[in-house]
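Chain by chain, the residues:
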Amino acid sequence: MAYPMHRGALIGCGFIANQKHLPALAKLENRIQLVAFCDLVEERAQKAAKEYGTPDAAVYTDYREMLRRSDLDVVYILTPNRTHCELTIAALESGKDVLCEKPMALNSVEAERMCEAARASGRQLTIGYQNRYRLDSRYLKKVVENGELGEVYLAKAHAVRRRGIPTWGVFLNEAEQGGGALIDIGTHALDMTLWIMNNYKPKRVSGSVYKKLGKGDTAGNAFGPWDNEHITVEDSAFGYITMENGATVFLEASWALNTTDTREQKVTLCGTRAGADMNDGVCINSVCSGELAETRPLLRQTGVPGEDLAKNEADFEAEMWLDALDTGKPTLVRPEQAMVVTQILEAIYESARTGKEVEL
Ligand SMILES: NC(=O)c1ccc[n+]([C@@H]2O[C@H](COP(=O)([O-])OP(=O)(O)OC[C@H]3O[C@@H](n4cnc5c(N)ncnc54)[C@H](O)[C@@H]3O)[C@@H](O)[C@H]2O)c1
């Protein structure tokens, strides 16, 4: 199939650019050329341009200067959370489609402004929730859609590490990121859960937030010792969300917790007909001919026909985003959905601060 060629630009050439987006975009060289790279640290933009850009790719340290170019059509915003709202709105207003990394924004006011800017500009906006593109997530979504779990009235969104405090970038800085484990990894688990349930109507939220292990012993951390003198964000947070239809969503998000039950970016669903877990693939639990039964679908054999199973979620995210731009149809992650995730996270922080339940 002949695709139109996109001209893409990156703002932020750090970890997520190099780990997720650039390798995935490199596989789509028949669909997108990367022609502009911006980072406050010029060498990072230069390195990315050299490795992944067109021979004439330009390097910037000021995103405003880059956005003035009229020959770019899609911008990837891969910078710390504090900048997402400002950069996204500027890119949309300059006429570009935008993929912004997760979390969408620091708070719901910013998220709403981003949605409004997308509507007003007529450009597309998506958020980098790549876990939705996983084969197991998409399979579970189908199971729920087909009614095979019945009414899903309890969901658990898991994002728990035993010791996995990030040590690069500005993840430990409240002003830059707006929070710690909750806004960083809890956001993924909550996004997946709401999407699989197809339930975007939260009613009440209560939460607790802890700064317990962040100031402690750094032994055993997956990313090496963190700077525990300067950490200003929570290491754990838990949310209890009641949806309008009465369903309960329990969210657990932790970078450091004294538990061996570590499940990250996993969902547990309990419905009236059956339940589903995401441990070691997908497990559907039900009753079958009078016996409790557990079914483990062989996802690699039942994947969507024609799908290339060598692709990972980053590849699917990159490709489906370009499909959306080419067809004009919304992509899998819609900004209005990410805004609900943002509202709930904000309510968990507020509830923890005030000690009260938050009505949405
Ligand atoms: N989807 C995921 O699973 C995932 C994983 C990690 C990080 N992220 C998200 O990606 C974003 C970046 O995280 P990271 O780990 O890449 O951090 P990072 O610190 O490695 O990279 C961020 C880069 O942005 C640059 N930058 C900051 N402000 C800028 C500005 N105004 N203009 C141009 N460049 C600017 C920094 O110099 C840095 O190089 C965060 O929002 C984070 O939540 C997502």
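Being a predicted model, the structure only gives us computed values, none of them experimental.

## Comments concerning the packing of aromatic side chains
This structure, assessed with the given rule, holds four aromatic pairs. Taken together, a centroid distance of 5.3 Å and an interplanar angle of 65° make the contact between Trp168 and Phe171 edge-to-face. A relative accessible area of 27% places Trp168 in the partly exposed class. Following the ring pairs from residue to residue traces out a cluster consisting of Phe15, Trp168, Phe171 and Phe223. Across the ring face of Tyr3, the terminal group of Arg31 is positioned such that the distance to the ring centre comes to 3.7 Å. In this arrangement the basic side chain of Arg138 is found over the ring face of Phe316, its NZ or CZ atom lying 4.5 Å from the centre.

## Quick look at the site of the ligand
Close to the ligand lie 25 residues, the nearest being Phe15, Asp39, Arg44, Asn81 and Trp168. At 2.6 Å from an oxygen atom of the ligand is found a side-chain nitrogen or oxygen belonging to Asn81. Residue Gln130 places a side-chain N or O atom 2.9 Å away from a nitrogen atom belonging to the ligand. Here the ligand is seated within the largest pocket. The dominant element in the shell around the ligand, judged by the number of residues it contributes, is helix H1 (residues 15-26), at three residues. Class assignment for the residues of the shell around the ligand results in 11 nonpolar, nine polar and five charged.

## Here we look at the environment of Val287
Note that Val287 resides in strand S13 (residues 283-288). Once the C-alpha coordinates of Val287 and Leu190 are considered, the two residues, 97 residues apart in sequence, prove to be 28 Å apart. Ignoring any residue separated from it by four or fewer positions in sequence, one finds Val287 in contact with Leu292 and Ala293.

## Considering the UniProt feature "domain: Gfo/Idh/MocA-like oxidoreductase N-terminal" (unreviewed entry) in the protein
If you check UniProt for "domain: Gfo/Idh/MocA-like oxidoreductase N-terminal" (unreviewed entry), the listed places come out as residues 9-129 in our numbering. Between the first and last C-alpha atoms of residues 9-129 the distance is 19 Å; the span itself is 43% helix and 20% strand.

Thresholds, definitions, all that
- Residues numbered from 1 in each chain as written.
- Predicted model: local features only at pLDDT ≥ 70, side-chain atom pairs only at ≥ 80, totals over all residues.
- Heavy atoms only, no water.
- Phe/Tyr/Trp six-rings, centres within 6.5 Å; stacked < 30°, edge-to-face > 60°.
- Buried < 20%, exposed > 50% of the residue type's maximum accessible area, 1.4 Å probe, protein only.
- Lys NZ or Arg CZ within 6 Å of the ring centre and 35° of its normal.
- Near = heavy atom within 4 Å.
- Polar contact = N/O pair within 3.5 Å; in protein donor to acceptor, adjacent residues only side chain to side chain.
- 1 Å grid on protein atoms, 1.4 Å probe; cavity = no way out; pocket = protein on both sides within 12 Å on 5 of 7 lines; lining within 4 Å.
- Sits in = over half its atoms within 2 Å of the grid points.
- Helix = DSSP H or I, 4+ residues; strand = E, 2+ residues; numbered from the N terminus.
- Nonpolar A, V, L, I, M, F, W, Y, C, P; charged D, E, K, R; others polar.
- Contact = heavy atoms within 4.5 Å.
- UniProt positions renumbered as here; feature names shortened; annotations may be inferred.

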